[in-house]
Amino acid sequence: MHSMIFVNLPVADVGRSRGFFTALGYSVNEDYSGDDALTLVLGENQFAMLLQRDVFDALHAARTADAWQTKECVVCLGVDSRAGVDQLVDRALAAGAKPGDSEDHGTMYGRSFHDLDGHSWQIFWFDPNQ
C-alpha cells in the first residue's frame, strides 16, 4: 500500500542529533538535510526526518509534546539478529542515550533506548521460522 515512510520528530539540536545517530551507524540523506533538518536513512525507503523544534512546531497546529514527559509514539525497528539488537542499543547507550525496556521471549527479543531528545526507539529481532 505505501511505498515510503518518513517519521518526523522534533529535536533540540540537529547537529547534536547528527553526531548521535551517525555514531550508531545510520547514514544521512544529505539531499533532504540542512541546518534545521536531518534525514536519517533507516532502510530502503524508510526515513526519520529530525526537525529543529521550531521548524517542527511551525508545521503543526497542535502543541509539540516533550518526549521526556509524554510519549506520542515509539519507533520500532527490526534487525537481523539478537546480536544486532545488542550492538545497536549498546552503541546508542555509549553515544549518550538513556536505556529503555527490554524483552526476551525466546523467539522475539528487543531492547529500547531514549535518544538525546527523549524519543523512544525499540530495536527488535524475531525468529521468522517460529
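All values derive from a computational prediction rather than experimental measurement.

Caption draft 1: Spatial organisation of the domain arrangement of the protein. Partitioning the protein into structural domains gives domain 1 (1-60) and domain 2 (71-129). The straight-line distance from the C-alpha centre of domain 1 to that of domain 2 is 18 Å. At the junction of the two partners, domain 1 supplies 15 residues and domain 2 supplies 15 residues. Where domain 1 abuts domain 2, roughly 1300 Å² becomes buried across the two surfaces, and 72% of that area is made up of carbon and sulfur atoms. Inspection of the domain 1/domain 2 interface yields 1 salt bridge. A salt bridge links Asp117 to Arg16; its shortest N-O distance comes to 3.6 Å.

Caption draft 2: Structural context of the sheet that holds strand S3 (residues 37-43). If you walk across this open sheet you meet the 4 strands as S1-S4-S3-S2, and the pairing is mixed. One side of each edge strand has no neighbouring strand; the edge strands of this open sheet are strand S1 (5-11) and strand S2 (27-28).

Caption draft 3: Summary view of the environment of Val85. Inspection of the secondary structure puts Val85 in helix H3 (residues 82-94). Put simply, Val85 and Asp35 are 50 residues apart on the chain and 31 Å apart in space, counted from C-alpha to C-alpha. Setting aside residues no more than four positions away along its own chain, Val85 makes contact with Val79, Tyr109, Gly110, Arg111, Ile123, Phe124 and Trp125.

Caption draft 4: Expanded view of the pattern of salt bridges. The final tally for this structure, using the stated rule, is 5 salt bridges. Ionic pairing is found between Arg18 and Glu30, a salt bridge with its closest N-O pair at 2.8 Å. Here Glu30 lies in the loop between S2 and S3 and Arg18 lies in helix H1 (residues 14-23), a separation of 12 residues in the sequence. Here the salt bridges do not stand alone but share partners, grouping Asp86, Asp90 and Arg111 into one network.

Caption draft 5: Spatial organisation of the UniProt feature "domain: VOC" (unreviewed entry) in the protein. As annotated in UniProt, the feature "domain: VOC" (unreviewed entry) corresponds to residues 3-126 in the numbering used here. In this annotation, residues 3-126 is assigned 24% helix and 40% strand; the end-to-end C-alpha distance for the span is 23 Å.

Caption draft 6: Expanded view of unusual backbone geometry. A positive phi is found at Asn45, a non-glycine position, where the angle reads about 60°. Accessibility expressed as a relative area gives 33% for Asn45, which makes it partly exposed.

Caption draft 7: Structural view of H1. Of all the positions in H1, only Val14, Ser17, Phe20 and Phe21 are classed as buried. The buried residues of H1 occupy one face: seen down the axis, they fall within an arc of 120°. Looking at the buried residues of H1, the elements they touch are S1, S3, strand S4 (46-52), H3, strand S7 (108-114) and strand S8 (120-126). For H1, the N-terminal capping position is held by Asp13, with its side-chain oxygen 3.0 Å away from the main-chain nitrogen of Gly15.

Basis of the calculations
- Residues numbered from 1 in each chain as written.
- Predicted model: local features only at pLDDT ≥ 70, side-chain atom pairs only at ≥ 80, totals over all residues.
- Heavy atoms only, no water.
- Domains from an automatic or database assignment.
- Contact = heavy atoms within 4.5 Å.
- Buried area = accessible area lost by both parts, 1.4 Å probe.
- Salt bridge = Lys/Arg side-chain N within 4 Å of Asp/Glu carboxyl O.
- Pairing = 2+ DSSP bridges.
- Helix = DSSP H or I, 4+ residues; strand = E, 2+ residues; numbered from the N terminus.
- UniProt positions renumbered as here; feature names shortened; annotations may be inferred.
- Buried < 20%, exposed > 50% of the residue type's maximum accessible area, 1.4 Å probe, protein only.
- Arc of directions from axis to C-beta.
- Polar contact = N/O pair within 3.5 Å; in protein donor to acceptor, adjacent residues only side chain to side chain.

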